[in-house]
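# Geometric and topological summary
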Amino acid sequence: MAIHEKTLIDPDRILQHDHLVVDGVDVSGSWNTMITPRTLTDYEEHFEEIIQSYSGGENVHRCWQCGSCTNSCTMYAQNVDFNPRYWIYLIRLGLKAELMKDKDIIWQCVSCNKCTNICPKDVRPEGVMKATAHWMEDNGLTPKTLSTHFDEEFTHQCIQFGRIEDTEVMVGFFKRSGQPLVQAWIVEFGKRLAKHMPLGQLAKMGMNTVFRPKTKSWGKTGEVLAEYVKAQKEAAHHG
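Residues numbered from 1 in each chain as written. Predicted model: local features only at pLDDT ≥ 70, side-chain atom pairs only at ≥ 80, totals over all residues. Heavy atoms only, no water.

Going by an unreviewed UniProt entry, the protein chain carries the name Heterodisulfide reductase subunit C and comes from Acidithiobacillus ferrianus.

Structure follows, in structure tokens:
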């Protein structure tokens, strides 16, 4: 019979005769398909625990491989290689080398959360995808995504100033991600602001750009918070 998710099997392990008759019964094609066994030795025993240490990956151990996540996945409907069920399977077995074959598409999760809503075991597959993507970034296996650059700049502003200023966040994000500071949509946005926003509010925004606002008495608090965030990351990823 036909093999579901056949693309996940190495072609040289699939044995099939186009024309085969056994005891007078025609079993040609997929009816005689066999898959040769394999022995896995290259795996990391604690890989599942590593993914669990990242936010979103805590429940990966609950997966029972029903496939509901993949069947409901928005991206799977566009690309059958985008397979959350299979990646969770690889994580649980510690097969990092197999997982890395799809490192260029795992980050494409659009966070529609269909998988999380339908999962009968509360694995939260969307969170596992994000945890896996962050693990790959942290280990230099993939470049940082735009969302990671934004998160880092947003966190930096919060820790340093105790608040955020929209223009500063946007400029910092563009610098981190290597984007030009002057873009067509920004120019158009500025024109519309100048046309419709009260002059006093525009002046205030300009002042905030030049003189960065900071929460009162924030200095020591920011230092303590920065140390705490650093300690939490180290404990989660190396503990």
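### Some words on unusual backbone geometry
If a residue is not glycine, its phi is most likely negative; likewise, a peptide bond is most likely trans. In plain terms, the rule: Put simply, DSSP H or I for four residues or longer makes a helix, DSSP E for two residues or longer makes a strand, and each gets a number counted from the N terminus. Buried, partly exposed and exposed residues are distinguished by accessible area as a fraction of the type maximum, computed with a 1.4 Å probe on protein chains only: under 20%, between the cut-offs, and over 50%, respectively.
Positive phi values are uncommon outside glycine, yet Gln 65 reaches one of about 65°. In this structure, Gln 65 sits in the loop between α1 (47–52) and α2 (68–72). Among the residues examined, Gln 65 registers a relative accessible area of 27% and is labelled partly exposed. Phi at Arg 124 is positive, roughly 60°, even though this residue is not glycine. Mapping Arg 124 onto the fold places it in the loop between α5 (114–118) and α6 (125–138).

### Quick notes on the packing of aromatic side chains
Our working definition: Between the rings of Phe, Tyr and Trp (Trp by its six-membered ring), a pair exists once the centres lie within 6.5 Å; its type follows the angle of the planes, with under 30 degrees stacked, over 60 edge-to-face, and the other angles tilted. By definition, being over a ring means that NZ of Lys or CZ of Arg is both within 6 Å of the ring centre and within 35 degrees of the ring normal.
If you walk through the whole model with that rule in mind, you get seven aromatic pairs. With 4.8 Å between their ring centres and 80° between their planes, Phe 82 and Trp 87 make a pair best called edge-to-face. Taking relative accessible area as the criterion, Phe 82 reaches 2% and is therefore assigned buried. Centre to centre, the rings of Phe 150 and Phe 173 are 5.7 Å apart; their planes meet at 75°, and the pair counts as edge-to-face. Separated by 23 residues along the polypeptide, Phe 150 in helix α7 (residues 146–161) and Phe 173 in helix α8 (residues 166–177) bring together distant segments of the chain. Among the aromatic residues, those joined into a cluster by ring pairs are Phe 150, Phe 154, Phe 173, Phe 174 and Trp 185. One residue, Lys 121, lies across the ring of Trp 64, its end atom 5.1 Å from the ring centre.

### Digging into the pattern of salt bridges
This is how the line gets drawn: Each reported salt bridge corresponds to a side-chain nitrogen of Lys or Arg within 4 Å of a carboxyl oxygen of Asp or Glu.
Within this structure, the stated rule accounts for 13 salt bridges. Here Glu 58 and Arg 124 are joined by a salt bridge, their closest N and O atoms 3.4 Å apart. Placement of the pair is Glu 58 in the loop between α1 and α2 and Arg 124 in the loop between α5 and α6, with a sequence separation of 66 residues. Owing to a relative accessible area of 32%, Arg 124 belongs among the partly exposed residues under this scheme. A salt bridge links Glu 223 to Lys 220; the shortest N-O distance between them is 4.0 Å. One end of the pair, Glu 223, and the other, Lys 220, are both in helix α11 (residues 219–238), three residues apart, so they sit about a helical turn from each other. Salt bridges sharing common partners tie together Lys 144, Glu 152, Glu 153 and Arg 176.

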